[in-house]
Amino acid sequence: QVQLVESGGGLVQAGGSLRLSCAASGRIFSINNMGWYRQAPGKQRELVATITRGGSTNYADSVKGRFTISRDNDKNTVYLQMNSLNPADTAVYYCYAHLFDTTSGTWRTYWGQGTQVTVSS
C-alpha cells in the first residue's frame, strides 16, 4: 500500500519561513508529478506548486518568488520551502504524487493527510 506522509507544518509569524516535506512509501515503481495544494477554511482547495520528475516547476501566482518546490527522486520525497509567509498563506497543505502503483499495476494519484500551516500577523 502506498502512503504519503507529510511533515513540517506549524505556527509561524508573518515574514517567517517553514519547510514542508512529503515522503512517499510503499510498492512504488515510479513517480511522475508531485506537488502541493492547500485549502483555507471556507475556501476550495487550490494548487500551490508542482514539479515533474525532471524538475520542471509550476507555481500559483500568489506564491511565486516566495515558495520553492523541490524533490529528491531517490527518496521519493517532495519539499516546499515557504518564505515571507503572510496570514493569507494559512491553510491545510496537502501533498500529492502521481505514481505507478505496483499493487494495482496502474498510474494513480495519492494524497497526503494534510499538515496545518498557520501564519500569525
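Before any of the text, the structure's been laid out above.
Residues numbered from 1 in each chain as written. Predicted model: local features only at pLDDT ≥ 70, side-chain atom pairs only at ≥ 80, totals over all residues. Heavy atoms only, no water.

A. Fine view of the pattern of salt bridges. Enumeration according to the criterion identifies four salt bridges in this entry. Asp89 is paired through a salt bridge with Arg38; the nearest N and O atoms lie 3.0 Å apart. With Asp89 in the loop between strand E8 (77-82) and strand E9 (91-101) and Arg38 in strand E4 (residues 28-39), this residue pair connects regions lying 51 residues apart in the sequence. The pair Asp89 / Arg38 is uniform in exposure class, with both members buried. Between Arg66 and Asp89 there is a salt bridge whose closest N-O contact spans 2.8 Å. Within this pair, whereas Arg66 is found in the loop between strand E6 (57-59) and strand E7 (67-72), its partner Asp89 is found in the loop between E8 and E9, the two being separated by 23 residues in sequence. Residue classification places Arg66 among the buried residues on the basis of a relative accessible area of 16%. Within this structure, Arg38, Glu46, Arg66 and Asp89 form a network of salt bridges that share partners. (Salt bridge = Lys/Arg side-chain N within 4 Å of Asp/Glu carboxyl O. Helix = DSSP H or I, 4+ residues; strand = E, 2+ residues; numbered from the N terminus. Buried < 20%, exposed > 50% of the residue type's maximum accessible area, 1.4 Å probe, protein only.)

B. The arrangement of the nonpolar core in detail. Membership of the largest hydrophobic core comes to 32 residues, with the highest contact counts inside it found for Trp36, Leu80, Met82 and Tyr93. Where this core is concerned, the elements lending two or more residues are strand E3 (18-25), E4, strand E5 (46-51), E7, E8, E9 and strand E11 (115-120). The biggest single contributor to this core is E9, with five residues. (Core = buried A, V, L, I, M, F, W, Y, C linked by side-chain atoms within 4.5 Å.)

C. Region of interest: unusual backbone geometry. Located in the positive-phi region is Asn76, a residue other than glycine, with phi close to 50°. Mapped onto the secondary structure, Asn76 falls in the loop between E7 and E8. Residues other than glycine seldom take positive phi values, yet Ser84 does so here, at roughly 50°. Mapped onto the fold, Ser84 is located in the loop between E8 and E9.

D. Expanded view of the side chain of Asp101. Mapped onto the fold, Asp101 is located in strand E9. Buried charged residue Asp101 carries no salt bridge. Nearest counter-charge: Arg108, at 4.0 Å. At a separation of 2.8 Å, a polar atom in the side chain of Asp101 contacts the main-chain amide nitrogen of Thr103. When near neighbours in sequence (up to four residues on either side) are disregarded, Asp101 contacts Val2, Arg27, Thr106, Arg108 and Tyr110. (Lys, Arg positive; Asp, Glu negative; His and termini not counted. Polar contact = N/O pair within 3.5 Å; in protein donor to acceptor, adjacent residues only side chain to side chain. Contact = heavy atoms within 4.5 Å.)

E. Region of the structure containing the state of the cysteines. One pass over the full model with this rule turns up one disulfide. A sulfur-sulfur separation of 2.0 Å characterises the disulfide bridge that pairs Cys22 with Cys95. Classification of the bridge connecting Cys22 and Cys95 rests on its S-S torsion, roughly 50°, and on that basis the disulfide is right-handed. With a gap of 73 residues between them, Cys22 in strand E3 and Cys95 in strand E9 connect regions that are remote in the sequence. (Disulfide = S-S within 2.5 Å.)

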